[in-house]
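Here is how the chains run, residue by residue.
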Amino acid sequence: MRVALIGVVIAGIAGLFLYAGGWFTPHALSPAVLINTFEQGGGLHPGFRRNHAKGVCISGYFESNGRGVALSKAAVFLPGRVPIIGRFALAGGQPYAADAPHTVRSMAILFKLPDGEEWRTGMNNIPVFPVNNAQGFYDLLQASAPDQATGKPDPVKMNAFLTRHPESAKAMQLIHSQPVSSGFADSAYNSLNAFHFINGQGAVAPVRWSMVPAQPFEPFDMAAARQSDTNQLFDALIAGIHGRPLQWHLVITVGEPADPTVDATIPWPANRQQVDVGTLTIDRVESEDTSPARDINFDPLMLPDGMASSDDPLLSARSAAYAQSFTRRESEPKTPSAVSTAETGK
């Protein structure tokens, strides 16, 4: 049971980590070492992201309803509309892997704010993160590496990891318990890490956020899954956006003083205040070959005035690893994307 849980979430664990230089722990674990580990596990694919390699780009707009102003002075929450660009992707370092329903899905968005400000956020469709620091993440990558003889993780190594990291075992059980939606369009995407919002009066509140789909949830039909259909999830997303714009509500969850901001493996209580601050509309889908979103680093620390990092150590680790990945792929020749918007005939 423990080892089986890893198959559901290990690709997604990688998804949050890949950005700026420096050491996570002095003289112990660097961004380069972490990215090397990604490359060893998924192979080297020049020009692609070291994780979330398979994706498609999108654009649209976010329309604020003004309710977020009470929480943050960030311009994105003033009533009105701002343009966005972004990317949907599947976790993992292999850009040509077949779509699988249990692979963690991601939504990354760049909000283009007035006066040149930006807000970048990368969100995943899991409720919590499986580790609570960079070293734990590295240990998990090592423990889940395929055995050369079997091609699967060594159960002894994985069980040893979970014994050393009970917080990860608990988080993976929660992740595994969540129903799998039919595709990208009806998935909710979560920040997982905690942040701080600062309003116009200087009040500071711990927050997490989610993109909650306006499209109704439908369970993935496992019986009808087509193992030979390489791009089944992406094709459905592309066809959906061609048919009509897709929408998500940006919902801010406001933490209370006792809620942990340092540990992304722990969910906050379900009764915390939630504020719907506006609607994200995605009305265009584009191949990475032509979209500027291909070259964007969705650094979680790219925050506008009115938002700030929390004490979660994963945030600086993600930022550092993303830059390392970006630097490597930007110096490499670009290979055509694995996903083309022409596949649906539009």
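Residues numbered from 1 in each chain as written. Predicted model: local features only at pLDDT ≥ 70, side-chain atom pairs only at ≥ 80, totals over all residues. Heavy atoms only, no water.

## Here we look at the pairing of strand β8 (residues 246-254)
Moving on, step 1. For β8, a buried count of seven out of nine residues is recorded, marking the element as mostly surrounded by other parts of the structure.
Moving on, step 2. Pairing of strand β7 (residues 204-213) with β8 involves seven bridges; the strand directions are antiparallel. Residue pairing in the sheet places R208 in a bridge with T253 of β8.
Moving on, step 3. Taken together, the eight bridges between β8 and strand β9 (residues 274-286) define a ladder with antiparallel strand orientation. Residue V251 lies in a different strand from β9, and its bridge partner there is D276. (Buried < 20%, exposed > 50% of the residue type's maximum accessible area, 1.4 Å probe, protein only. Helix = DSSP H or I, 4+ residues; strand = E, 2+ residues; numbered from the N terminus. Pairing = 2+ DSSP bridges.)

## Regarding helix α6 (residues 232-243)
Moving on, step 1. Along its twelve residues, α6 runs 16 Å from first to last C-alpha, staying within 8% of the 16 Å computed at 1.5 Å per residue.
Moving on, step 2. Summarising the contacts, the buried residues of α6 are in contact with β1 (54-64), β2 (80-90), β3 (105-112), β8 and β9. (Expected span 1.5 Å × (residues − 1). Contact = heavy atoms within 4.5 Å.)

## With respect to the packing of helix α4 (residues 155-164) against helix α5 (residues 166-176)
Moving on, step 1. Running from amino to carboxyl end, α4 crosses α5 at an angle of 105°, the nearest separation of the two axes being 4 Å. By the angle between their directions, the pair α4 and α5 is classed as roughly perpendicular. Taking contact as the criterion, the partners of F161, L162, T163 and R164 in α4 are, on α5, P166, S168, A169 and M172.
Moving on, step 2. Of the residues belonging to the contact of α4 with α5, the class tally is five nonpolar, two polar and one charged. (Axes fitted to C-alpha atoms, helices over the stretch in contact; angles between N-to-C directions. Parallel < 35°, antiparallel > 145°, perpendicular 65-115°, else oblique. Nonpolar A, V, L, I, M, F, W, Y, C, P; charged D, E, K, R; others polar.)

## Some details on the packing of aromatic side chains
Moving on, step 1. Applying the stated criterion to the full structure yields 13 aromatic pairs.
Moving on, step 2. Both rings, one in F184 and one in F234, keep their centres 4.9 Å apart while their planes meet at 45°; by these two values the pair is tilted. Of this pair, F184 sits in the loop between α5 and β5 (189-190) while F234 sits in helix α6, and the two are 50 residues apart along the sequence. In this pair, the class of F184 matches that of F234, namely buried.
Moving on, step 3. Between Y189 and W248 the ring centres are 6.4 Å apart and the planes differ by 55°, which places this aromatic pair in the tilted class. (Phe/Tyr/Trp six-rings, centres within 6.5 Å; stacked < 30°, edge-to-face > 60°.)

## Considerations on the confidence of the model for the protein
Moving on, step 1. Per-residue confidence for the protein averages 85 on the pLDDT scale, and 83% of its residues sit at or above 70.
Moving on, step 2. The low-confidence segment residues 7-27 (pLDDT under 50) makes 89 contacts with residues lying over four places distant or belonging to another chain. (pLDDT = per-residue confidence, 0-100.)

## Examining the side chain of R208
Moving on, step 1. Residue placement: R208 occurs in strand β7.
Moving on, step 2. We note that R208 is buried and unpaired, the nearest opposite charge coming from D312 at a distance of 6.0 Å. (Lys, Arg positive; Asp, Glu negative; His and termini not counted. Salt bridge = Lys/Arg side-chain N within 4 Å of Asp/Glu carboxyl O.)

## As for the pattern of salt bridges
Moving on, step 1. Applying the stated rule across the entire model yields nine salt bridges.
Moving on, step 2. Overlapping salt bridges, with partners in common, bring together E256, D259 and R272 in one network.

## Regarding the environment of D311
Moving on, step 1. Looking at where D311 falls in the secondary structure, it is placed in the loop between β10 (307-309) and α7 (313-330).
Moving on, step 2. Distance from D311 to H196, taken between C-alpha atoms, is 9.5 Å for residues 115 residues apart in sequence.
Moving on, step 3. Discounting residues that sit within four places of it in the chain, D311 has contacts with T261 and V262.
Moving on, step 4. Among the polar contacts made by the side chain of D311, one reaches the side chain of T261 at a distance of 2.6 Å.
Moving on, step 5. Polar side-chain contacts of D311 include one of 3.5 Å to the backbone nitrogen of V262. (Polar contact = N/O pair within 3.5 Å; in protein donor to acceptor, adjacent residues only side chain to side chain.)

## Focus on the nonpolar core
As a rule of thumb, nonpolar side chains are buried together in soluble globular proteins.
Moving on, step 1. Residues V76, F88, M107 and F111 are the most contacted members of the largest nonpolar core, which totals 45 residues.
Moving on, step 2. If near-sequence neighbours (up to four positions away) are discounted, M107 is found in contact with R87, F88, T121, G122, M123, Y189, M211, W248, L280 and I282.
Moving on, step 3. The next biggest cluster of nonpolar side chains, apart from the first, holds 20 residues, and it includes M158, L162, A171 and I175. (Core = buried A, V, L, I, M, F, W, Y, C linked by side-chain atoms within 4.5 Å.)

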